[in-house]
Amino acid sequence: MNILVCIKQVPDTTEIKINPETNTLMREGVPSIVNTFDSYALELGVRLKEEHGGKVTVMSMGPDQAKAALKECLSVGADEAYLLSDRAFGGSDTLATSFILASFAEHLEKEKGKFDLILCGKQAIDGDTGQVGPEMAEHLDIAQVTYATDIKAEGNKTLVKRENDQGYDWIEVLSPAVITVTKSGFEPRYATLKSKIAANKAEIHVLDSQSINIDVEKCGLKGSPTKVKKSYTPKKENNGIIINEETASASVQKLMSLITDKKVI
Amino acid sequence: MEITNEMRDLGDLIEKYFKNEVDPVVAEYDAKGELPEKIYNDLIEMGLNLLAVPTEFDGLMVDHKTETYIAEILGRHDCGIASAIGVNTSACATMNFFGKDEQKKDFFGILTSGKLAGFCLTEPNAGSDSASVKTTAVLDGDEYVLNGTKCFITNGGIAGVYIVFASTDLSKGTKGLSAFYVESDREGLIIGKHEDKMGIRLSNTTQVIFEDCRIPKDHLIGEEGKGFKYAMKTLGTSRNFVGGMAVGLAQRAIDECVEYAKSRVQFGKPIAYKQGIQFMLADMQTQTAAARELTYHAADLIDKNGDYEMYVSMSKLFASDVAMKVTTDGVQIFGGYGYMKEYPMEKLMRDAKILQIYEGTNQIQRVVISNIMLSK
Ligand SMILES: Cc1cc2nc3c(=O)[nH]c(=O)nc-3n(C[C@H](O)[C@H](O)[C@H](O)COP(=O)(O)OP(=O)(O)OC[C@H]3O[C@@H](n4cnc5c(N)ncnc54)[C@H](O)[C@@H]3O)c2cc1C
Ligand SMILES: Cc1cc2nc3c(=O)[nH]c(=O)nc-3n(C[C@H](O)[C@H](O)[C@H](O)COP(=O)(O)OP(=O)(O)OC[C@H]3O[C@@H](n4cnc5c(N)ncnc54)[C@H](O)[C@@H]3O)c2cc1C
């Protein structure tokens, strides 16, 4: 199987703080990691490769420092890594981002053959929109499944275990397809010392807008219909009161007296 | 000492693994006195037994600075596991220094197949005085026949192969010692008593007994009669691993103390407000920082093939004395809680003690250092 995994390098949100004056993320000194869900996507991709043969390519759009995230991926089973980096890509919203990623995939397919699966994380833990994967599928005009926790390949069928509120569905999908992955039962593996050393020495292919022959009008700020008007930290509201008396009628009475005491009704 | 990105990359991987998988269960296995199979398998999978295996034999062959850095990280989390890895690295050093290519292929092949190595020098009546080794190796046709008892052997019950020092001529004392490698499945190699230890209880320490154990002649490493020299040369580099572990252990104790001192309230304020505590912390950190610099300097000298022997002994001596002092003070800062197994300090103190004893006691390090000083 020929698998592409899209990786976003994100700040470790467990360590991030918000500057109360500017309402922006304080990124200084915050370690960067591979987006958590992308690690799960990669693990599923590598497991498929190990079972059926083939190759796992990882790619990321971002600044030069995103190479570290790609090297991390190479140390846990990815075979080849591409970084898409260009000033023209800066300021992309999700539409532009997904357009760039899709254009890259098409470009690479000309050289390396079609991808059977394109795996993304369910969402990035910083942007949190969950839009890039589905939008990519639309740009490429191929099928998509979201919230996957497992993927099985049987002949030319791909079966995807999709999480939903009640439990899960097994969905059959035709390749090629974009699948966005959520936390699954398969914990991402640890690298080995040897794979780390090898990944450190491995080459990361760096491509820019020219090398993938993309229309830069559709990239970056120019290609982004989303405009951010204002960002702010929501005010922390006081916690609510929980009323849980012995019986339902006692609870109702307590609730009523609270409401009438406050002269709400 | 600069920690390079390459070093940090490996270190972060080990740190992450130990934080997630070892720290939560270490107290349980310390009480049981065993290394859980899962952790053993993970260590092997990660390749920690291949640190000193040459790349041409499918190993990692990291430099001594990196090895020291890894020892420090292991020491932070568990000195028992660190000891298993450290001794494995010592055994590799003997083979690297003195083995022939054919022997290396054979010996390192056992490690790449997923095993650890052991290092058998000490005997019940030959500790600091290695010249008193009584295990014999007698040539009989194409084979050496080994007889004798080694004790306190780290990885004794779990290693796949051992470096063994035995006498090929008892009349010659140190000049009669020779070095061999012996696979653990050789007939006549018996795993003896499993030691119940004060600390480093996740490491496996046993007797290794040879009863007419036959090994091929070509398992002799280097030349007959040079074993003592080989052992000293090996320990002369490998004991820097102990320096690294000691620094890691000491730093861990300090970090625990800083946290504790900030949260333990007595007389209405955290004890960290007391100058008596502050000065202890300052001394602990100063000594540990000095030990760290000395240890990395020794590692750097080994890497540059400089005059490292005295520095390696000083690193092992000083860092382990610091680890003992710092953990003893650490227990003091924790007060009664420091004495309880529920808190991390008492294990750190128990673990620290061995670092002053094995790989040559700290008295023996002083002998080595002063001998070098006075022979100049
Ligand atoms: C309203 C809005 C306005 C924005 N405006 C700007 C702006 O003006 N300037 C600006 O710099 N940014 C802006 N961003 C951020 C930018 O759009 C996102 O970082 C980016 O599009 C990815 O979206 P996301 O983080 O929500 O990812 P999601 O859609 O949540 O990510 C899903 C998956 O897509 C893949 N993926 C996402 N991003 C990448 C990537 N870069 N490389 C490879 N794979 C990837 C990963 O597999 C990821 O798990 C804006 C975001 C929003 C929501
Ligand atoms: C947990 C553990 C793991 C070990 N692992 C290994 C291993 O893997 N392989 C291996 O070969 N050995 C191993 N050893 C053995 C260890 O190296 C020896 O215990 C150590 O060298 C000391 O020898 P000894 O115990 O016989 O003490 P002794 O030599 O009897 O020493 C007793 C005391 O006398 C002091 N002393 C001795 N000679 C002198 C002197 N000349 N001047 C001043 N003081 C002196 C010592 O410093 C010590 O304080 C291990 C030991 C332990 C406890």
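Shown above is the structure to which this text applies.
The residue count restarts for each chain, going from 1 along the sequence in the order it is written. Throughout, the order in which chains and ligands are written sets their labels, letters from A for the former and numbers from 1 for the latter. Totals for whole chains, interfaces and linings use every residue, but because this is a predicted model, local features are given only for residues with pLDDT of at least 70 and side-chain atom pairs only at 80 or more, for both listing and counting. Each side-chain value is worked out from all heavy atoms of the structure, with water and hydrogens disregarded.

## Some details on the overall build of chain B
Each helix and strand in chain B was counted, giving 12 helices and 10 strands. For this measure, only C-alpha atoms enter the radius of gyration; the expected value for a globule follows 2.2 Å times N^0.38, where N is the number of residues. Whereas a compact globule of 376 residues would reach a radius of gyration of roughly 21 Å, chain B reaches 21 Å, a difference of no more than 12%. For chain B, the spread of C-alpha atoms along the three principal axes comes to 80 × 50 × 40 Å. Exposure categories follow from relative accessible area, calculated using a 1.4 Å probe and restricted to protein chains: below 20% of the type maximum is buried, above 50% is exposed, and the middle band is partly exposed. Expressed as a percentage of its 376 residues, the buried residues of chain B come to 56%. It only takes one pair of heavy atoms within 4.5 Å for two residues to be counted as in contact. Taking the intrachain contacts of chain B between residues at least 6 apart in sequence as the baseline, contacts between residues at least 24 apart amount to 74%. If you sum the accessible surface of chain B, you get close to 16,300 Å²; carbon and sulfur atoms cover 52% of it. Helix and strand definitions follow DSSP, with helices as H or I runs of at least four residues and strands as E runs of at least two, each counted in order from the N terminus. Surface accessibility in these figures is a Shrake-Rupley result with a 1.4 Å probe; residues are shielded only by whichever protein chains are displayed.

## Quick word on the sheet that holds strand 8 (residues 117-121) of chain A
All names here are of chain A. The mixed open sheet is built from nine strands, whose spatial order is 11-10-9-12-8-1-6-7-13. Because the sheet does not close on itself, it has two edges, and the strands there are strand 11 (168-174) and strand 13 (205-207). Averaged over all pairs of adjacent strands, the angle between their axes in this sheet comes to 35 degrees, without regard to strand direction. In this scheme, strands are said to pair when DSSP sees at least two bridges between them. Pairing geometry for strand 9 (residues 143-154) and strand 10 (residues 157-163), over six bridges, is antiparallel. Residue pairing across strands places E154 opposite K157, the latter belonging to strand 10. Only the stretch in contact is used when a helix axis is fitted, and all axes are lines through C-alpha atoms; the angle between N-to-C directions ranges over 0 to 180 degrees.

## Details of the site of ligand 2
Residue and element names in this part refer to chain B. Nearness of a residue to a molecule or strand requires only that one of the residue's heavy atoms be within 4 Å of it. Close to ligand 2 lie 18 residues; F119, T122, S128, F152 and T361 are nearest. Residues adjacent in sequence count toward polar contacts only when both atoms are side-chain atoms; beyond that, a polar contact is any pair of N or O atoms within 3.5 Å, and within protein one must be able to donate a hydrogen and the other to accept it. Between ligand 2 and F152, the relevant distance is 2.7 Å, taken from a nitrogen atom to a main-chain nitrogen or oxygen of the residue. A total of 970 Å² of accessible area belongs to ligand 2 in isolation, and the protein chains cover 65% of it. Counting residues per element, the ones that place at least two in the shell around ligand 2 are strand 3 (143-154) and helix 12 (362-374). No other element matches strand 3, which puts three residues into the shell around ligand 2. Within the shell around ligand 2, the residues separate by chemical class into 10 nonpolar, six polar and two charged. Residues are grouped as follows: Ala, Val, Leu, Ile, Met, Phe, Trp, Tyr, Cys and Pro are nonpolar; Asp, Glu, Lys and Arg are charged; all remaining types, including Gly, are polar.

## Some thoughts on the pattern of salt bridges
The term salt bridge refers to a side-chain nitrogen of Lys or Arg lying within 4 Å of a carboxyl oxygen of Asp or Glu. In the structure shown here, the tally under the stated rule is 37 salt bridges over all chains. As a salt-bridge pair, D351 of chain B and K347 of chain B come within 2.8 Å of each other at their nearest N and O atoms. One end of the pair, D351 of chain B, and the other, K347 of chain B, are both in helix 11 (residues 345-355), four residues apart, so they sit about a helical turn from each other. Here the residues in one salt-bridge network are E43, R47, E50 and R189 of chain A, joined through shared partners.

## Some points on the interface of chain B and chain A
Each partner contributes to the interface: chain B provides 17 residues, whereas chain A provides eight residues. When chain B packs against chain A, close to 1,200 Å² is buried across both sides, 66% of that on carbon and sulfur atoms. The residue K194 of chain A makes a salt bridge to D58 of chain B at a minimum N-O spacing of 3.5 Å. Applying the counting rule to chain B against chain A returns five residue pairs in polar contact (both at pLDDT 80 or more). Contributing elements (two or more residues each) for the side of chain B that touches chain A: helix 1 (5-22) and helix 3 (37-46) of chain B. The residue inventory of the side of chain B that touches chain A, partitioned by class, reads eight nonpolar, three polar and six charged. Buried surface area refers to the total accessible area, computed with a probe of radius 1.4 Å, that the two partners give up upon joining, counted for both partners together.

## A look at the side chain of T288 of chain B
With respect to the helices and strands, the residue T288 of chain B is situated in helix 9 (residues 275-303). Look past the residues within four positions of T288 of chain B in its chain and what remains in contact with it is V247, A250, Q251, I254, V322 and V326 of chain B.

## Some points on the site of ligand 1
Residue and element names in this part refer to chain A. For ligand 1, the set of nearby residues contains 27 residues, the closest of which are C6, K8, D38, A124 and T129. With respect to ligand 1, the backbone of Q131 contributes an N or O atom lying 3.0 Å from an oxygen atom. Across the complex, the protein chains shield 79% of the 920 Å² of accessible surface that ligand 1 would expose by itself. Where the shell around ligand 1 is concerned, the elements lending two or more residues are strand 6 (55-61), helix 3 (94-112) and strand 8. Of the residues contributing to the shell around ligand 1, the split by class is nine nonpolar, 13 polar and five charged.

## Things to note about helix 4 (residues 132-140) of chain A
All names here are of chain A. Where helix 4 is concerned, the buried positions are G133, P134, E135, M136, A137 and L140. Where helix 4 is buried, its residues contact strand 1 (2-6), helix 3, strand 8, strand 9 and strand 12 (177-181). Looking at the residues trailing helix 4, positive phi occurs at D141, about 55 degrees.

## Quick word on the packing of aromatic side chains
By convention here, two paired aromatic rings are described through the distance between centres and the angle between planes. In this analysis, rings of Phe, Tyr and Trp, with Trp reduced to its six-membered ring, are considered paired at centre separations within 6.5 Å, and the interplanar angle assigns stacked below 30 degrees, edge-to-face beyond 60, and tilted for intermediate values. In total, this model carries 14 aromatic pairs over all chains according to the counting rule given. With centroids separated by 5.6 Å and ring planes inclined at 50 degrees, the aromatic side chains of F97 of chain B and F98 of chain B adopt a geometry described as tilted. A relative accessible area of 21% places F98 of chain B in the partly exposed class. For the pair F107 of chain B and F108 of chain B, a centre-to-centre distance of 5.4 Å together with 80 degrees between the ring planes defines the contact as edge-to-face. These aromatic residues form a ring-pair network of at least three members: F57, F107, F108 and Y181 of chain B. The residue whose ring lies beneath K161 of chain A is Y168 of chain A, and the NZ or CZ to ring-centre distance is 4.2 Å. Distance and angle both matter: a charge sits over a ring if NZ of Lys or CZ of Arg is within 6 Å of the ring centre and within 35 degrees of the ring normal.

## Some words on the packing of helix 10 (residues 309-334) of chain B against helix 12 of chain B
What describes two packed helices is the angle between their axes and the distance between those same axes. Residues and elements named next belong to chain B. The interhelical angle for the contact between helix 10 and helix 12, taken along N-to-C directions, is 145 degrees, at an axis separation of 9 Å. Viewed along their axes, helix 10 and helix 12 form a crossing whose handedness is left-handed. Taken together, the residues of helix 12 that come into contact with helix 10 (itself represented by E309, M310, S313, M314, K316, L317, S320 and D321) are N362, Q365, R366, V368, I369, I372 and M373. Considering only residue class, the contact of helix 10 with helix 12 consists of seven nonpolar, four polar and four charged. Helix crossings fall into two classes, left-handed where the near helix is turned counterclockwise from the far one by less than a right angle and right-handed where it is turned clockwise.

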